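# Reading the structure
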Amino acid sequence: QVQLVESGGGLVQPGGSLRLSCVASGTIVHIVSMGWYRQAPGKQRELVATANSGGATDYADSVKGRFTISRDNAKNTVYLQMNSLKPEDAAVYYCNGRLYTDYRGNWSDYWGQGTQVTVSS
């Protein structure tokens, strides 16, 4: 029943910006954390950024100072503002949600289908 839907990907020139959005819908009791991962061709999926319920954020070293993750808890939405984009940032970006969907005390990870980010001149 829970779905994560990403949007905002596309083609951008090096040095440009994009903002990705991810909306979690369905039966959600509590969001423990939400984050973004990416996977480039021939590479493993890697963590980009996460934001937990207390407001703490974590970033991959490769994106620190350029990317910003933020959350709108009322809308169950997480954003990734990407500035100063580089060709090596090109990848499919996946939204992750660590969510409680019932009151049993267990959380589960949910994933979106991914949105393509292409950085090219």
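For the structure, see preceding data.
Structure report, in brief.

Positioned with a positive phi, asparagine 76 is a non-glycine residue whose angle comes to about 50°. One can find asparagine 76 in the loop between strand S7 (67-72) and strand S8 (77-82). For asparagine 76, a relative accessible area of 22% translates into the label partly exposed. With a phi close to 50°, serine 84 is a non-glycine residue in the positive phi region. Tracing the backbone through its elements, the reader meets serine 84 in the loop between S8 and strand S9 (91-100).

Take the nonpolar core next. Counting residues in each nonpolar core, the largest one holds 29 residues, and the members touching the most others are Trp36, Leu80, Met82 and Tyr93. Taken together, the elements giving at least two residues each to this core come down to strand S3 (18-25), strand S4 (30-39), strand S5 (46-52), S7, S8, S9 and strand S11 (115-119). Aside from chain neighbours lying at most four places away, what touches tyrosine 93 is Glu6, Leu20, Trp36, Tyr37, Arg38, Val48, Phe67, Leu80, Met82, Gly114, Thr115 and Val117.

Counted according to the given criterion, the structure contains one disulfide. The disulfide partner of cysteine 22 is cysteine 95, and the S-S distance across this bridge is 2.0 Å. Between cysteine 22 and cysteine 95, the S-S torsion sits near -85°, and that sign places the bridge as left-handed. Within this pair, whereas cysteine 22 is found in strand S3, its partner cysteine 95 is found in strand S9, the two being separated by 73 residues in sequence.

Once that is clear, we can look at the pairing of S11. Burial of the side chains of S11 is restricted to one face: Thr115, Val117 and Val119 are buried, whereas none of Gln116 and Thr118 on the reverse face is. One ladder, built from three bridges, connects strand S2 (residues 10-12) with S11; its direction is parallel. Looking across to S11, one finds that valine 12 is bridged to valine 119. For S9 and S11, the ladder comprises three bridges, and the chain directions are antiparallel. Looking across to S11, one finds that alanine 91 is bridged to valine 117.

Scoring rules and cut-offs
Residues numbered from 1 in each chain as written. Predicted model: local features only at pLDDT ≥ 70, side-chain atom pairs only at ≥ 80, totals over all residues. Heavy atoms only, no water. Helix = DSSP H or I, 4+ residues; strand = E, 2+ residues; numbered from the N terminus. Buried < 20%, exposed > 50% of the residue type's maximum accessible area, 1.4 Å probe, protein only. Core = buried A, V, L, I, M, F, W, Y, C linked by side-chain atoms within 4.5 Å. Contact = heavy atoms within 4.5 Å. Disulfide = S-S within 2.5 Å. Pairing = 2+ DSSP bridges.

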